[in-house]
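Listed below, chain by chain, are the residues.
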Amino acid sequence: MNETEKTIRVGSRKSQLALIQTNHVIKKLEDLYSTKKFEIVTMMTIGDQILDKPLPKIGEKSLFTKELETALELGTVDFLVHSLKDMPTDLPEGMVIGAVLEREDPRDVVIMNSKMKGKTLKTLPKGSVVGTSSLRRTAQLQRNYPELEVKNIRGNLNTRLRKLDEDNQYDAIVLAKAGVDRMGWTEKISQVLDTDDMMYAVGQGALAVECRGHDSATLVMLDAISDKSTVARIVAERSFLNRLGGGCSAPVAVCSHITTAPAQQVPATAHAQTAPPTTLALSGAVWSLDGRQTVKHSSSCALQSDSNVDDDDDEPPRKCQHKEQRLYCGLSTRSLSPEDLVAAEKVGCDLALILIKQGALEIMNKAKKTIHSSIE
């Protein structure tokens, strides 16, 4: 390895959580590439700067990624670390997701104000105020807990926790469990919300690394830290959202999992053993802003259990400079076979089409019109 190799610059938001996540990705890479050197370059995004408005009223796309992606395009940084749920399904031209790390628990959690210690959403007094910045959470809270008041809360996790503890405007707040855990605040969790109570956002719990699509050396490096099961789930979820045309201005949520059947007993005389079947299951739902209208459905597809691609690790993912590699909702990866990637993408798209037939677009369009009217 060339010891004079240039330092790799990594773009990140400035929040404590963003830096924790960025350092986590760098540590994974340092464990594999001990001679490489990394430097973090921090910056503020629109979503970080405007904290007095709900997210849908600021804009629909790239609220937490645009400034970072501009730096990536200009070459100021070599790759970016994002919470995958913050990334639009359509990336800027020339940008790709080069790695998706193993997903942490994607569910949401409740943190109670100290005066509500021991309570759950179900046992909170009528009229208690629950804070969230997400239309997805708001719709589900209003549907499942109509006796509670849902109020917008913005800011990074430190700011939201301070508002809960000090401002006394909220009796509880709802956050992503993965972020709370990464901050080391697991002991503050009052309730983990199962998906029957709260389906989660597309990509929630996973970290994504974005880079330039033509940067084959970085793509090879990043692919080594991708998790194939997470990649399959994320492709399905992002395909679902992309086909619906959803974003932060519509309450859309998912739930996915991968299961592998137990290996069958094979007689000792058998020459070969059939690989156990692997299934990717995806549920998706759309709500009205008040949670009263909803459409929901589930679907699944089979995956190959031997879906690793055994290419030479040092071979760039593009064998011909004139031939672009196929992307799957922005993902460029060799951690899964093309067949599995196509299957995951198709199950997400097909599920969206089912919901569209059930009236999902009408519900979403009504939500968007309501939000636009409130902005005007």
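What you are looking at is a predicted structure, and each value in this text was computed from that prediction instead of being measured.

Trainee: Let's hear about the overall build of the protein chain: which residues, and what values?
Mentor: When its secondary structure is counted, the protein chain shows 11 helices and 13 strands. Looking at the protein chain as a whole, 52% of its 376 residues qualify as buried. Counting contacts in the protein chain only where the partners sit at least 6 residues apart, residues at least 24 apart contribute 74% of the total. On the protein chain, roughly 17900 Å² of surface is accessible, and the fraction owed to carbon and sulfur atoms is 48%.

Trainee: Any details on the confidence of the model for the protein chain? Residues and values, ideally.
Mentor: For the protein chain, mean pLDDT is 86; residues scoring 70 or higher make up 82% of the total. Confidence drops under pLDDT 50 across residues 47-63; counting only partners more than four residues distant or on other chains, this segment forms 44 contacts. Note that pLDDT drops below 50 for residues 307-323; the model gives that stretch 30 contacts with residues more than four away or on any other chain.

Trainee: Mind laying out the pattern of salt bridges, listing which residues take part and the relevant values?
Mentor: Evaluation of the coordinates by the stated rule reveals 19 salt bridges. Here aspartate 171 ties to lysine 115 by a salt bridge, and the two come within 3.4 Å at their closest N and O atoms. Pair noted here: aspartate 171 is in the loop between helix H6 (157-167) and strand E8 (172-176) and lysine 115 is in the loop between strand E5 (108-112) and strand E6 (129-132), with a separation of 56 residues, a long-range link. Overall, aspartate 171 belongs to the buried group, its relative accessible area being 9%. Through salt bridges with shared partners, one network takes in Lys6, Arg9, Asp78, Arg212 and Asp215.

Trainee: Talk me through the nonpolar core; I want residue IDs and the actual numbers.
Mentor: Within soluble globular proteins, side chains that are nonpolar generally end up buried alongside one another. Among the nonpolar cores identified, the biggest contains 53 residues, and Leu84, Ile97, Val100, Phe240, Leu244, Val252 and Val286 are the most heavily contacted of them. Among all residues touching valine 100, those that are not within four sequence positions of it are Leu84, Ala206, Leu207, Ile225, Ser226, Asp227, Thr230, Val231, Ile234 and Leu331.

Trainee: Lay out the sheet that holds strand E2 (residues 38-43) with the relevant residues and their values.
Mentor: Across the sheet, which stays open at both edges, the five strands sit in the order E2-E1-E3-E10-E4 with mixed pairing between neighbours. Edge positions in the sheet fall to E2 and strand E4 (95-100), since each of these pairs with one other strand and no more. Taken over all neighbouring pairs, the strand axes of this sheet differ in orientation by 30° on average, direction set aside. Alignment of strand E1 (residues 8-13) against E2, held across six bridges, turns out to be parallel.

Trainee: I'd like to hear about unusual backbone geometry, residue by residue, with values.
Mentor: It is generally the case that most residues other than glycine have a negative phi and that most peptide bonds are trans. In the Ramachandran plot, asparagine 168 falls in the positive-phi region, its phi being about 60° despite a non-glycine side chain. Tracing the chain through its elements places asparagine 168 in the loop between H6 and E8. At cysteine 329, a residue that is not glycine, the phi angle is positive and equals roughly 50°. With respect to the helices and strands, cysteine 329 occurs in the loop between strand E13 (294-303) and helix H10 (338-357). Judged by relative accessible area, which is 11%, cysteine 329 ranks as buried.

Trainee: Can you lay out the side chain of threonine 138 for me, pointing to particular residues and giving the numbers?
Mentor: Within the secondary structure, threonine 138 is located in helix H5 (residues 135-144). Each residue touching threonine 138, except ones within four places of it in the same chain, is listed here: Thr132, Val150 and Leu289.

Trainee: Help me get a handle on H6, residues and values and all.
Mentor: Among all positions in H6, only Leu157, Thr159, Arg160, Leu161, Lys163 and Leu164 are buried. Each element contacted by the buried residues of H6 is listed here: helix H1 (16-32), E5, H5, E8 and helix H7 (177-182). N-capping of H6 is provided by asparagine 156, with a side-chain oxygen placed 3.1 Å from the backbone N of asparagine 158. Following H6 by one or two positions, asparagine 168 adopts a phi angle in the positive range, close to 60°.

Trainee: Summarise the sheet that holds strand E7 (residues 149-152); cite the residues concerned and give the values.
Mentor: Taken together, five strands build an open sheet; the order of strands is E7-E6-E8-E5-E9 and the sheet is mixed. With partners counted over all chains shown, the strands left at the sheet margins are E7 and strand E9 (191-193), one partner each. Between one strand and the next, the sheet's axes are offset by a mean angle of 30°, whatever the strand orientation. Summarising the sheet, E5 and E9 pair through three bridges and their orientation is antiparallel.

Trainee: A description of the pairing of strand E3 (residues 79-83) should follow, citing residues and the corresponding values.
Mentor: On any regular strand, side chains alternate: one points to one face of the sheet, the next to the other face. Extensive coverage of E3 is indicated by the burial of five of its five residues. Both faces of E3 are covered, namely the face carrying Phe79, Val81 and Ser83 and the face carrying Leu80 and His82. Both E1 and E3 contribute to a ladder of two bridges, which runs parallel. When the bridges of E3 are listed, glycine 11 appears paired with leucine 80.

Trainee: I'd love a proper account of the packing of aromatic side chains, names of residues and values included.
Mentor: For the structure on display, the rule yields one aromatic pair. Judged by centre distance (6.4 Å) and plane angle (65°), the ring pair of phenylalanine 38 and phenylalanine 79 falls under edge-to-face. Of the two residues, phenylalanine 38 is situated in strand E2 and phenylalanine 79 in strand E3; the sequence distance between them amounts to 41 residues. This pair shows no difference in class: phenylalanine 38 is buried, exactly as phenylalanine 79 is. When the ring centre of tyrosine 33 is taken as reference, the NZ or CZ atom of lysine 36 above it lies at 5.8 Å.

Trainee: So, the environment of glycine 348: which residues are in play, and what are the values?
Mentor: Within the secondary structure, glycine 348 sits in helix H10. Using a relative accessible area of 0% as the deciding quantity, one classes glycine 348 as buried. Residues glycine 348 and valine 235 lie 113 residues apart in sequence; the distance between their C-alpha atoms is 7.7 Å.

Each value, and the rule that gives it
Residues numbered from 1 in each chain as written. Predicted model: local features only at pLDDT ≥ 70, side-chain atom pairs only at ≥ 80, totals over all residues. Heavy atoms only, no water. Helix = DSSP H or I, 4+ residues; strand = E, 2+ residues; numbered from the N terminus. Buried < 20%, exposed > 50% of the residue type's maximum accessible area, 1.4 Å probe, protein only. Contact = heavy atoms within 4.5 Å. Areas by Shrake-Rupley, 256 points an atom, 1.4 Å probe, with all protein chains shown as cover. pLDDT = per-residue confidence, 0-100. Salt bridge = Lys/Arg side-chain N within 4 Å of Asp/Glu carboxyl O. Core = buried A, V, L, I, M, F, W, Y, C linked by side-chain atoms within 4.5 Å. Pairing = 2+ DSSP bridges. Axes fitted to C-alpha atoms, helices over the stretch in contact; angles between N-to-C directions. Polar contact = N/O pair within 3.5 Å; in protein donor to acceptor, adjacent residues only side chain to side chain. Phe/Tyr/Trp six-rings, centres within 6.5 Å; stacked < 30°, edge-to-face > 60°. Lys NZ or Arg CZ within 6 Å of the ring centre and 35° of its normal.

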